[in-house]
Amino acid sequence: MAAKRLIGRTLLAAATLAGTALAPALAHAEPASAPHGSMMNLSVRGEGRDDLRSAFLLCEPAGGSHPHAQDACSALRDVNGDFNLLSTGNSTCPLVYRPVTLTAQGRWQGKPVTFEKTYPNECVAGAATGKVFSF
């Protein structure tokens, strides 16, 4: 009985030491895909309390819950992940003021991305960002 208790305590001490030795190395470890990964949470928020849509966009390879992930990733690739440079060209939108706020948070090719901008309506937002916020 005493031998079993001694073995149990020895194993517990060994496991504790092993965990302590690995902790500093694991604290600075990053996932293999993190340095070049492109993934972000996107949202479109309207005026109403329940007027919120969101999608997860993953690039390289394109995926996530975004219905147009391939097109969105391609548009972001063209502007090197700078949401302020997105554009679909000229567009005619109605002069209706129903503001929407677009937000993006995540990483583009390993670099942090934060974007938030309010547009006068969804048509103007779509003309400014193309398929990126089209979900």
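I will try to describe carefully the structure that is included in this document.

What counts and how
- Residues numbered from 1 in each chain as written.
- Predicted model: local features only at pLDDT ≥ 70, side-chain atom pairs only at ≥ 80, totals over all residues.
- Heavy atoms only, no water.
- Disulfide = S-S within 2.5 Å.
- Helix = DSSP H or I, 4+ residues; strand = E, 2+ residues; numbered from the N terminus.
- Buried < 20%, exposed > 50% of the residue type's maximum accessible area, 1.4 Å probe, protein only.

### A word on the state of the cysteines
What is meant by a disulfide is a covalent connection between two cysteines, made through their sulfur atoms.
Here's step 1: For the coordinates displayed, the defined rule picks out two disulfides.
Here's step 2: Here Cys59 connects covalently by a disulfide to Cys73, the sulfurs 1.9 Å from one another. An S-S torsion of about -90 degrees defines the bridge between Cys59 and Cys73 as left-handed. Here Cys73 lies in helix H2 (residues 69-78) and Cys59 lies in strand E2 (residues 52-59), a separation of 14 residues in the sequence.
Here's step 3: Residue Cys73 is classed as buried on the basis of its relative accessible area of 0%.
Here's step 4: Two residues share a disulfide in this structure: Cys93 and Cys123, whose sulfurs sit 2.1 Å from each other. Judged by the torsion about the S-S bond (-75 degrees), the Cys93/Cys123 disulfide is left-handed. Taken together, the residues span a long stretch of sequence, with Cys93 in the loop between H2 and strand E4 (100-108) and Cys123 in helix H3 (residues 122-129) at a distance of 30 residues.
Here's step 5: We classify Cys123 as partly exposed; its relative accessible area is 29%.
Here's step 6: Listing the disulfide partners of the protein by sequence rank of the bonded cysteines yields 1-2, 3-4.

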